[in-house]
Amino acid sequence: MNISYNWLKEYLSFDLQPDEVASALTSIGLETGKVEEVQPVRGGLEGLVTGEVLTCVAHPNSDHLHVTTVRIGTGEPLQIVCGAPNVAAGQKVIVAPVGTVLWQGDEKFVIKRSRIRGEESLGMICAEDEIGIGTDHSGIIVLPSDTEVGMSARNYYHIENDYVLEVDITPNRVDATSHYGVARDLAAFLKQSGRPATLRCPSVDDFATDETADAIRVEAVDSNACLRYSGITIRGVKVRESPDWLKNRLRTIGLRPINNVVDITNFVLLELGQPLHAFDASRIKGGKVIVRTMPEGTKFVTLDGVERILSAHDLMICDAEEAMCIGGVFGGLDSGVTEQTTDVFLESACFHPSWIRKTARRFGLNTDASFRFERGLDPNGTICVLKRAALLIRQIAGGVIAGRIQDIYPEEVKPYPVDVTYRKINALTGTEIAPATVKSILASLEMDVVSESAEGLSVHVPVYRIDVRREVDVIEDLLRIYGYNHVGFKDRLQSTLSYQTPTDRSYRLENLISEQLCGAGFHEIINNSLVPFVHYDGLTACPAGCAVMIENPLSADLNCMRQTLLFGGLQNVGHNLKHKNRNIRFFEFGTCYSFNPDEKEDGDPLRKYGEEYRLGLWICGNRVENNWAHPNEASSVYELKAHVQNILSRMGIRKASYKKTASDLFMDGISLRTPSDKTLGDFGIVHPKLLKMMDIDTDVYYAELNWKALLRETQKTRVSAVEIARFPEVKRDLALLINREVSFEEIERIAFESERKLLKRITLFDVYEGRNLPQGKKSYAVSFYLQDESRTLEEKQIDAIMNKIRKGLEEKAGASLR
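Thresholds applied
Residues numbered from 1 in each chain as written. Predicted model: local features only at pLDDT ≥ 70, side-chain atom pairs only at ≥ 80, totals over all residues. Heavy atoms only, no water. Helix = DSSP H or I, 4+ residues; strand = E, 2+ residues; numbered from the N terminus. Rg over C-alpha atoms; globule rule 2.2 N^0.38 Å. Buried < 20%, exposed > 50% of the residue type's maximum accessible area, 1.4 Å probe, protein only. Contact = heavy atoms within 4.5 Å. Areas by Shrake-Rupley, 256 points an atom, 1.4 Å probe, with all protein chains shown as cover. Lys, Arg positive; Asp, Glu negative; His and termini not counted. Charge placed at Lys NZ, Arg CZ, Asp CG, Glu CD. Pairing = 2+ DSSP bridges. Axes fitted to C-alpha atoms, helices over the stretch in contact; angles between N-to-C directions. Expected span 1.5 Å × (residues − 1). Phe/Tyr/Trp six-rings, centres within 6.5 Å; stacked < 30°, edge-to-face > 60°. Lys NZ or Arg CZ within 6 Å of the ring centre and 35° of its normal. Parallel < 35°, antiparallel > 145°, perpendicular 65-115°, else oblique. Left-handed = near helix turned anticlockwise from the far one by under 90°. Nonpolar A, V, L, I, M, F, W, Y, C, P; charged D, E, K, R; others polar. Salt bridge = Lys/Arg side-chain N within 4 Å of Asp/Glu carboxyl O. pLDDT = per-residue confidence, 0-100. Arc of directions from axis to C-beta. Polar contact = N/O pair within 3.5 Å; in protein donor to acceptor, adjacent residues only side chain to side chain.

## Some remarks on the overall build of the protein
Part 1: When helices and strands are counted, the protein shows 20 helices and 42 strands.
Part 2: The C-alpha radius of gyration of the protein comes to 40 Å, more than 25% above the 28 Å expected for a compact globule of 818 residues.
Part 3: The principal-axis extents of the C-alpha atoms in the protein amount to approximately 130 × 85 × 65 Å.
Part 4: The burial tally for the protein puts 48% of its 818 residues in the buried class.
Part 5: The long-range fraction of contacts in the protein, counting pairs at least 24 apart against all pairs at least 6 apart in sequence, stands at 70%.
Part 6: When the accessible surface of the protein is summed, it comes to about 42,000 Å², and 48% of that surface belongs to carbon and sulfur atoms.
Part 7: Averaging the positions of the 96 positive and the 113 negative side-chain charges in the protein gives two centres separated by 8 Å.

## Re the pairing of strand β38 (residues 701-706)
Part 1: Counting buried positions along β38 gives six out of six residues, so the element sits mostly inside the fold.
Part 2: Neither face of β38 is open: one carries Tyr701, Ala703 and Leu705, the other Tyr702, Glu704 and Asn706, and all of them are buried.
Part 3: Where strand β32 (residues 609-620) meets β38, six bridges bridge the pair, whose relative direction is antiparallel. Considered in β38, the bridge of Leu615 is made with Leu705.
Part 4: Taken together, the five bridges between strand β37 (residues 679-686) and β38 define a ladder with antiparallel strand orientation. Along β38, the bridge assignment pairs Phe683 with Ala703.

## Let's talk about the sheet that holds strand β15 (residues 276-280)
Part 1: Strand order in the open sheet formed by four strands is β15-β22-β14-β23, with antiparallel pairing between adjacent strands. Both edges of this open sheet fall to β15 and β23 (400-408), since each of them pairs with a single strand only. Taken pair by pair, the neighbouring strands of this sheet meet at an average axis angle of 20°, ignoring direction.
Part 2: By the bridge criterion, six bridges tie strand β14 (residues 226-235) to β23 in an arrangement that is antiparallel. Residue pairing in the sheet places Thr233 in a bridge with Ala402 of β23.

## Comments concerning helix α5 (residues 179-192)
Part 1: Compared with an ideal rise of 1.5 Å per residue, which puts 14 residues at 20 Å, α5 spans 20 Å between its outermost C-alpha atoms and is within 8% of the ideal.
Part 2: Most of α5 is tucked away: twelve of the 14 residues are buried.
Part 3: Turning to α5, its buried residues number three or more, namely His179, Tyr180, Gly181, Val182, Ala183, Arg184, Asp185, Leu186, Ala187, Ala188, Phe189 and Leu190.
Part 4: For α5, the elements touching its buried residues are β1 (2-4), α1 (5-8), α2 (18-27), α7 (260-272), α12 (435-444) and α13 (471-482).
Part 5: The positive-phi residue at the C-terminal boundary of α5 is Gly194, with phi of around 80°.

## Some points on the packing of aromatic side chains
For any two aromatic rings, the description comes down to two numbers: the centre-to-centre distance and the angle of the planes.
Part 1: In total, this model carries 16 aromatic pairs according to the counting rule given.
Part 2: Ring centres 6.3 Å apart and planes at 40° place the aromatic pair Phe279 and Phe345 in the tilted group. In this pair, Phe279 is assigned in strand β15 and Phe345 in strand β22 (residues 343-351), connecting sequence segments 66 residues apart.
Part 3: Across the ring face of Phe14, the terminal group of Lys9 is positioned such that the distance to the ring centre comes to 5.6 Å.
Part 4: Above the face of the Phe371 ring, Arg375 is positioned so that its terminal group lies 3.9 Å from the ring centre.

## A short note on the sheet that holds strand β5 (residues 78-82)
Adjacent strands of a sheet form backbone hydrogen bonds with each other and so pair up, either parallel or antiparallel.
Part 1: Pairing within the open sheet is antiparallel, and its five strands lie in the order β5-β4-β3-β6-β11. Strands at the two margins of the open sheet, each flanked by one partner only, are β5 and β11 (123-125). The mean inter-strand angle of the sheet, taken between neighbouring strand axes irrespective of direction, is 45°.
Part 2: The sheet contact formed by strand β3 (residues 49-58) and strand β4 (residues 66-71) spans six bridges and is antiparallel. Pairing of Thr55 across the sheet is with Thr69, part of β4.

## Observations regarding the packing of helix α6 (residues 244-252) against α7
Part 1: In contact at an axis separation of 10 Å, α6 and α7 are set at 50° when each is read in the N-to-C sense. Considering their axes alone, α6 and α7 lie oblique with respect to each other. In this structure, the crossing between α6 and α7 has a hand that is left-handed. In this structure, α6 contributes Trp245, Leu246, Arg249 and Leu250 to the contact, and α7 contributes Asn260, Asp263, Ile264, Asn266, Phe267 and Leu270.
Part 2: Residue classes in the contact of α6 with α7 are distributed as six nonpolar, two polar and two charged.

## Digging into unusual backbone geometry
Part 1: Of note in the backbone geometry, Leu45 takes a positive phi value of approximately 60° without being a glycine.
Part 2: In this fold, Leu45 is placed in the loop between β2 (32-38) and β3.
Part 3: The backbone phi angle of Asn626 is positive, close to 55°, even though this residue is not glycine.
Part 4: Looking at where Asn626 falls in the secondary structure, it is placed in the loop between β33 (622-624) and β34 (633-634).

## Considerations on the packing of helix α14 (residues 502-519) against helix α16 (residues 637-650)
Packed helices, taken two at a time, are described by the angle their axes make and the gap between the axes.
Part 1: At a minimum axis distance of 11 Å, the contact between α14 and α16 shows a crossing angle of 145°. For the pair α14 and α16, the sense of crossing is right-handed. For the pair α14 and α16, contact is made by Leu512, Ile513, Gln516 and Leu517 and by Asn646, Ile647 and Arg650, respectively.
Part 2: For the contact of α14 with α16, a count of residues per class yields four nonpolar, two polar and one charged.

## Topic: the pattern of salt bridges
Part 1: One pass over the full model with this rule turns up 49 salt bridges.
Part 2: Between Arg173 and Asp185 there is a salt bridge, with the nearest N and O atoms lying 2.9 Å from each other. One end of the pair, Arg173, is in the loop between β12 (162-167) and α5; the other, Asp185, is in helix α5, and twelve residues separate them in sequence.
Part 3: According to the relative accessible area criterion, Arg173 is buried, its value standing at 4%.
Part 4: A relative accessible area of 3% means that Asp185 is categorised as buried.
Part 5: Put simply, Lys659 and Asp677 hold a salt bridge, and the shortest N to O gap is 3.0 Å. Of the two residues, Lys659 is situated in strand β35 (residues 657-661) and Asp677 in the loop between β36 (666-673) and β37; the sequence distance between them amounts to 18 residues.
Part 6: Judged by relative accessible area, Lys659 falls into the partly exposed class, the value being 40%.
Part 7: Here Asp677 falls in the partly exposed class, since its relative accessible area comes to 39%.

## Focus: the confidence of the model for the protein
Part 1: When the pLDDT values of the protein are averaged, the result is 91; 99% of them are 70 or greater.
Part 2: When pLDDT is averaged over each helix and strand of the protein, the minimum, 85, is found for β35 and the maximum, 97, for strand β27 (residues 523-524).

## Concerning α12
Part 1: For α12, every residue scored as buried is listed here: Val438, Ile441, Leu442 and Ser444. On an axial view of α12, the arc spanned by its buried residues comes to 160°, and they lie on one face. Away from the buried face of α12 by more than 90 degrees, exposed residues Ala436 and Ala443 are located.
Part 2: Residues of α12 that are buried in the fold lie against α5, α11 (422-429), β26 (456-461) and α13.
Part 3: At the C-terminal side of α12, Glu446 shows a positive phi close to 65°.

## Brief notes about the side chain of Thr147
Part 1: Structurally, Thr147 can be placed in the loop between α3 (128-131) and α4 (153-156).
Part 2: For Thr147, a relative accessible area of 7% corresponds to the buried category.
Part 3: Polar side-chain contacts of Thr147 include one of 2.8 Å to the backbone oxygen of Pro144.
Part 4: Beyond its immediate chain neighbours, meaning those up to four positions away, Thr147 contacts Thr50, Lys92 and Tyr156.

The following block contains the structure:
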């Protein structure tokens, strides 16, 4: 938010320079970044003066130019050639003598002595747009006849240089979204720093109404969505250009002046932080205002000319027949103030933050009003702000304040009571703050001490401090004014020994696996946890009924929390395929979310919700491509399985089994299991219907591992060192004829059951299915590796072991030797 240094000084007298103000605000929690010197008008009107046109005759060599003589108060009158159609003798004008610098946008040019069609010109008589005070170029500026000649245009237009402070307002500090709010915080800082500081709130003592005049009535308010609604009618106003001081205030902080009434509402918003809205009272049908919702699907055209479809949860400001404004967000096209407006109805309200936030997000609107209403405003301030704006309108635009203030305030919000103890203050701040200092700071923060004891204080927190509700909040506010720099360190440093937490261990292993996968050619991806609900429609592995839905989604593509990492990765795969990158290796660590409608809450509503941290792997395309030493080789599910096994091996998980799983995420899914039959994850070929839905025209191999389950398994691993075997390993091969449904995993299991001590490992080096084999059979070529760590194996012993393994395979797997 932009804060004007000069504007700030209207509410608080201080002797700080702009950079010192920025430093002070940052120290009390209003972080201030850039401090920039600005001019309301580019160039500050330097060199421009007021002048009087003494003579004006037609140019002898032109049918539209005039030759004038202009007195500027110093030296001889200047001869100036002017092309404006409205120039005439006797006028008071703005003159740019030779040497004056003028700006056109970001470009500048210097007024030079010149000859225009043979006549000498020693300056320029200026139009509004030429000096930056307006946009009119139809003619020169004609000043009032009593204007003093020779006066600096800078003084005439009350132009003064200013400094703009860029203050970063945190979401909880809506009370500081105005110049007065920032001045209030700065005053508290100055008082505690021992500097004189008197805070001045704009006075509304002169406010008075014509009780007999006809006024717009406020008849009904939706009390759930509107905490308070106040309004006043002002009749007989003249809508026109704002005075220079008002325009300069707005220009300084980057706002474009519109007209006096609208500019006043913007000025008061930036002055006191309360949004206002001005309606053309003649367009309020039935002479009454109703705050309510409209039926679902109602069409409404906003001020920007866009037709919007209303929800039944959008709060609207209506007249007797139709909606006029989206409450707290955006005005309507036909109800605003124009140059033809003579009667104004001024609104000052306090809307419920949730209603405004949802409506603003639904329509994608972010206005100065919604920014403040979303964060919560003080309903007790609407009347004071309304009076301030009404007085300014009466002063600048004329008119009569008609009738009584319309005010509907169903339930008054009172200051929040909070008890604070000195013991808690000292414990949380880490220093001892004297009770007198505590009370002084609380008073400077406008927190009233209602009772006091030796242990602490009972205070009433102002309603505008919506972020201060608890004892710790009061202490935090107290400490930021006391000053974090005043909290010193003790001579003795207290510390505890560091120890590794489960989170630390998980993070270390996560980095370890990430490095391994990157070394294997994978790229890490990070996707949004919000996904389209349509992804889960019709799935049984990730049922739609178990999705965690977002109540107020930003869009239909971000309306639920992901149940699996699969779809985010498939979107990345599809994007890369469309950009001709077809050989893809991706991995992602991320949290998945689920909802169990059958879970009983037992007083804890979160019991129905679950979170799991998972690791996803995606592979597609070729494993080898364009290699002179190796033919092209497509990726396969076995390559994916190898990467999964490498992950398990790196984490020290040796005993894991594979089982087929019926999952509609995969065409042929495999479940990775622990010895106790707990699931570690699943992998396989992504189902074609999902690939079609994601517009992917090639096979994708996917694995999703439960990271928490993997960590549990690693805790069971015990690393030990053994001596390198001194005796040789023996290899024996068997060609087995088995039924097609028998897996290598089963062969491996039976072999280890047959010989537990000397059989070290088994590998499958060939699979054959085809001619010369009985129907329903296949051939496995398997290598068995035997080793005795205490002596060399003898041939007789080797034959006995192999016979035992062969017999086990024949009996349990129906295998025979080829």
